[in-house]
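# Observations on the three-dimensional arrangement
What follows is each chain in one-letter form.
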Amino acid sequence: MASTLISAKLPPDVDPTKAPIAFGRRALPKLSREIQSPEVLTQQRALMALCDLVHDPENVYQAVQIGFLENLKTLLLHHDNTVRQKTTEILYIMAMHNVGRQGLIQNAVIPVLTELLDDPEDICRKNTHQVLDMMAKLPEGAVDILHAGLIPLLVVRLKTESDEIQELILGTLSNCLRVEASEALATDAITILKEKLTHPSATIRNKAAQVILEIGTHPEGKSTVCEEVIPLLVSLLEDTDPEVQASAAGALMFATIKPKGRCLALRAEAIPRLLKLVAVENSKARLSAIKTLTMLAEVAEGRRKLLERTDIFQQCLRDPSEAVKRAAEIAIRVIRWKPF
């Protein structure tokens, strides 16, 4: 299933050229009436026309104002596959605009989308996850997803969905867990995320590391990350993909805030791998690596190993990134610190 392409091809009798659109501001009210038609073909053609119109933010604003979203919420549970497909696609396009995202929140669309997580049509599920991914980028949207109780449902679907949808789920989780991680921890998300850290897809490995990073920003998450995934994160520091390396270094940075995390990272031989990252072009990876090494320098064993390598940090003092320069200064200070 992982290699299956999700097709958005429509039935041959759904022709957007056959859906007449009224002029100007009358277009959307007319389509609003048509999508409530008892005839499925009329609904399909109206949705096809609407799909083109909502690319314009002015039309999205008008659609929200005239109450279009209430009708679309009803169509999410329609018996016809094409109606559900086009409805979810319209919601995704609307979610690309800020006014559309606000409209989806105000009209409580997210709880209704829960019903489509098990839709028999792959394209409907993909569109649904695209909507959730877009909504999660807005703090209010992430909160709505959390309140709808979607986190456990999303975590479980990482086991069964195609790679394409898994990427969307991981993106949604990353933004939501930045706000609150307790539900994910309660559903044993770390066990599933550990598997994703060794996935053949670099994108999935990267996004899984980002989710673990967000979990590690919470006090209750740090302990779980320490116990479960530090050795895997250390191995990802040598991943072939630079983005995976950067995300793994970021997750490790939060995991090593706790003393136990530092000890586990040292035991996993993190220092030589992190020192290599300090010299890479990716500034995000450099910054995370320097900050993680600073954490490890607070342990006597780590400080002893890093005292011989301060030249690497000295080179970072000429880095074009101010954040990297400041981190290097702090690292040198911590490494050279003496108790008396």
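This structure is a prediction, so every number in the text was calculated from the model and none was measured. (Residues numbered from 1 in each chain as written. Predicted model: local features only at pLDDT ≥ 70, side-chain atom pairs only at ≥ 80, totals over all residues. Heavy atoms only, no water.)

A side chain of one charge can pair with a side chain of the opposite charge when the charged atoms of the two come close. Evaluated as defined, the whole model comprises 17 salt bridges. A salt bridge links Arg 273 to Glu 238, with the shortest nitrogen-to-oxygen separation between them at 3.1 Å. Linking Arg 273 in helix α19 (residues 270-278) with Glu 238 in the loop between α16 (230-236) and α17 (242-255), this pair joins segments that are 35 residues apart in sequence. Under the relative-accessibility criterion, Glu 238 is labelled partly exposed at 43%. Through salt bridges with shared partners, a single network forms among Asp 122, Arg 125 and Glu 161. (Salt bridge = Lys/Arg side-chain N within 4 Å of Asp/Glu carboxyl O. Helix = DSSP H or I, 4+ residues; strand = E, 2+ residues; numbered from the N terminus. Buried < 20%, exposed > 50% of the residue type's maximum accessible area, 1.4 Å probe, protein only.)

Here Arg 333 shows up in helix α23 (residues 322-336). In the structure, Arg 333 is positioned 123 residues away from Gln 210 in sequence and 29 Å away in space, judged by C-alpha atoms.

The contact between helix α9 (residues 139-147) and helix α11 (residues 163-177) brings their axes to 9 Å, and the two run at 100°. Looking at the two axes, α9 sits roughly perpendicular to α11. Of α11, the residues touching α9 (which contributes Ala 142, Ile 145 and Leu 146) are Thr 172, Asn 175 and Cys 176. Tallied by class, residues from the contact of α9 with α11 come to four nonpolar, two polar and no charged. (Axes fitted to C-alpha atoms, helices over the stretch in contact; angles between N-to-C directions. Parallel < 35°, antiparallel > 145°, perpendicular 65-115°, else oblique. Contact = heavy atoms within 4.5 Å. Nonpolar A, V, L, I, M, F, W, Y, C, P; charged D, E, K, R; others polar.)

Following the sequence through the fold, Asn 127 ends up in helix α8 (residues 122-136). At 3.1 Å, the side chain of Asn 127 forms a polar contact with the side chain of Thr 88. Contact partners of Asn 127, with chain neighbours within four places excluded, come to Gln 85, Thr 88, Glu 89 and Tyr 92. (Polar contact = N/O pair within 3.5 Å; in protein donor to acceptor, adjacent residues only side chain to side chain.)

In short, geometric facts, not functional conclusions.
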